Amino acid sequence: MIRLSSHAGGSLTIRAMETEIEVRCGRDRPTTPRLLRELRTLEAMTAIFCRDRHGGEVLCESCEALMAYAAKRLAVCPFGEDKPVCAKCQIHCYGPRQREEVRTIMRYAGPRMTLRHPLLALGHVLDKRYPAPPKPSAPRVRDR
Ligand code: SF4
Ligand SMILES: [Zn+2]
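The rules behind these values
Within every chain, residues take consecutive numbers counted from 1 along the sequence as written. Chains carry letters and ligands carry numbers; both start at the beginning, A for chains and 1 for ligands, and go up in the order they are written. Only residues with pLDDT of at least 70 are given local features in this predicted model, and only at 80 or more are side-chain atom pairs given and counted; all residues enter the totals for whole chains, interfaces and linings. Strands are runs of DSSP state E lasting at least 2 residues, helices are runs of H or I lasting at least 4, and numbering of each runs from the N terminus. Note on burial: count the other C-beta atoms lying within 10 Å of the residue's C-beta; 20 or more is buried, 12 or fewer is exposed, in between is partly exposed, and C-beta positions come from the backbone. Remark: residues whose backbone-derived C-beta atoms lie within 7 Å of one another are considered to be in contact. What makes a nonpolar core is a set of buried Ala, Val, Leu, Ile, Met, Phe, Trp, Tyr and Cys residues, with links drawn between C-beta atoms within 7 Å. We count a residue as near a molecule or strand when its backbone-placed C-beta atom lies within 6 Å of that partner. Polar here means any residue outside two lists: the nonpolar Ala, Val, Leu, Ile, Met, Phe, Trp, Tyr, Cys and Pro, and the charged Asp, Glu, Lys and Arg; Gly therefore counts as polar. Helix axes are fitted only over the stretch in contact, all axes being lines through C-alpha atoms; the angle between N-to-C directions runs from 0 to 180 degrees. These descriptions rest on fixed angle ranges, namely under 35 degrees for roughly parallel, over 145 for roughly antiparallel, 65 to 115 for roughly perpendicular, and the rest for oblique. If you view the pair so one helix is near and one far, a crossing is left-handed when the near helix is turned anticlockwise from the far one by less than a right angle, and right-handed when it is turned clockwise. A helix is expected to span 1.5 Å for every residue after the first. At every residue, the bend is computed as the angle between two fitted axes, covering the seven residues ending there and the seven beginning there respectively. Values of pLDDT, the confidence the predictor places in each residue, fall between 0 and 100.

Participant: I would appreciate a short explanation of the overall build of the protein chain in the present structure.
Facilitator: In terms of regular secondary structure, the protein chain is built from 4 helices and 3 strands. The 144 residues of the protein chain split such that 16% are buried. A sequence separation of at least 24 residues applies to 58% of the contacts in the protein chain between residues at least 6 apart.

Participant: Would you take a moment to explain the nonpolar core for this structure?
Facilitator: A general trend in soluble globular proteins is that nonpolar side chains are found buried together. By size, the foremost hydrophobic cluster in this structure holds 15 residues, and its most contacted members are M45, F49, A70, I105, M106 and A109. In terms of residue count, the dominant contributor to this core is helix α3 (residues 96–116) (5 residues). If we ignore the near neighbours within four places in the chain, the residues touching I105 are M45, T46 and F49.

Participant: Just to check I follow, could you spell out the site of ligand 1 for this structure?
Facilitator: Surveying the vicinity of ligand 1 reveals 13 residues, the closest of which are C77, C86, C89, I91 and C93. When the residues that make up the shell around ligand 1 are grouped by side-chain class, the tally is 10 nonpolar, 1 polar and 2 charged.

Participant: Would you mind showing me how to read the packing of helix α1 (residues 33–54) against helix α4 (residues 118–129) here?
Facilitator: In a packed pair of helices, the relevant descriptors are the angle between the two axes and the axis-to-axis distance. Contact geometry for α1 and α4: axes closest at 10 Å, N-to-C directions at 120°. Here α4 runs oblique to α1, going by the angle between their axes. Our pair here, α1 against α4, has a crossing hand that is left-handed. Residue-level contacts link R37, R40, T41 and A44 of α1 to L120, G123 and H124 of α4. In terms of residue class, the contact of α1 with α4 is made up of 2 nonpolar, 3 polar and 2 charged.

Participant: Looking at this structure, how should I read α3?
Facilitator: It helps to recall that an α-helix has 3.6 residues per turn; residues three or four apart then point in one direction. Counted at 1.5 Å a residue, the expected span for α3 with its 21 residues is 30 Å, and the 29 Å between its end C-alpha atoms agrees. The axis of α3 is deflected most strongly, by about 45°, at G110, and proline P111 appears within four residues downstream. Tucked inside the fold, the buried residues of α3 contact α1, α2 (61–75) and α4.

Participant: Is there a simple way to think about the packing of α1 against α3 in this case?
Facilitator: One way to put it is that α1 packs onto α3 with a least axis distance of 8 Å and a crossing angle of 105°. Relative to α3, the element α1 lies roughly perpendicular. Packed against α1, whose contacting residues are A44, M45, T46, I48 and F49, the element α3 presents I105, M106, Y108, A109, G110, R112, M113 and R116 at the interface.

Participant: Sorry, what's going on with the confidence of the model for the protein chain here?
Facilitator: Detailed reading of the predicted model is not advised wherever pLDDT is low. Looking at the protein chain, pLDDT values average 84 and 77% of them are 70 or higher. Note on residues 8–14: pLDDT under 50 across the span, and 20 contacts to partners over four residues away in sequence or across chains.

See below:
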């Protein structure tokens, strides 16, 4: 008999006979190149900010929680690979607190990225040049 059980973190456990396989469903972390690069950029900025402002070698609990939140938002971003930079987005799916935290991180770490992560910094500068696509419209209900 095959049993499936899903977990809050977006993973799925498949049990068949004596075998158990855990499958990550991609809802807690993006899986496509553009979105992964964006997450890496944000993680690099947060690492700079956290080390300088929160004083540890690894991310503090609150920065770690913010990165987990951002990864989930990116994983379900409705724009997918065409996503604009979040600052230009017309949806703004972040909660107000998380949005402010990311802004603070970017203000601090943005100017420091060029030396430490030049390629990620360049990618982010280029992303900012593209206009934001319009909000994806809700699926239309078929006329009866
Ligand atoms: S703020 Fe906009 S672009 Fe950024 S993850 Fe949310 S929906 Fe996507
Ligand atoms: Zn921190």
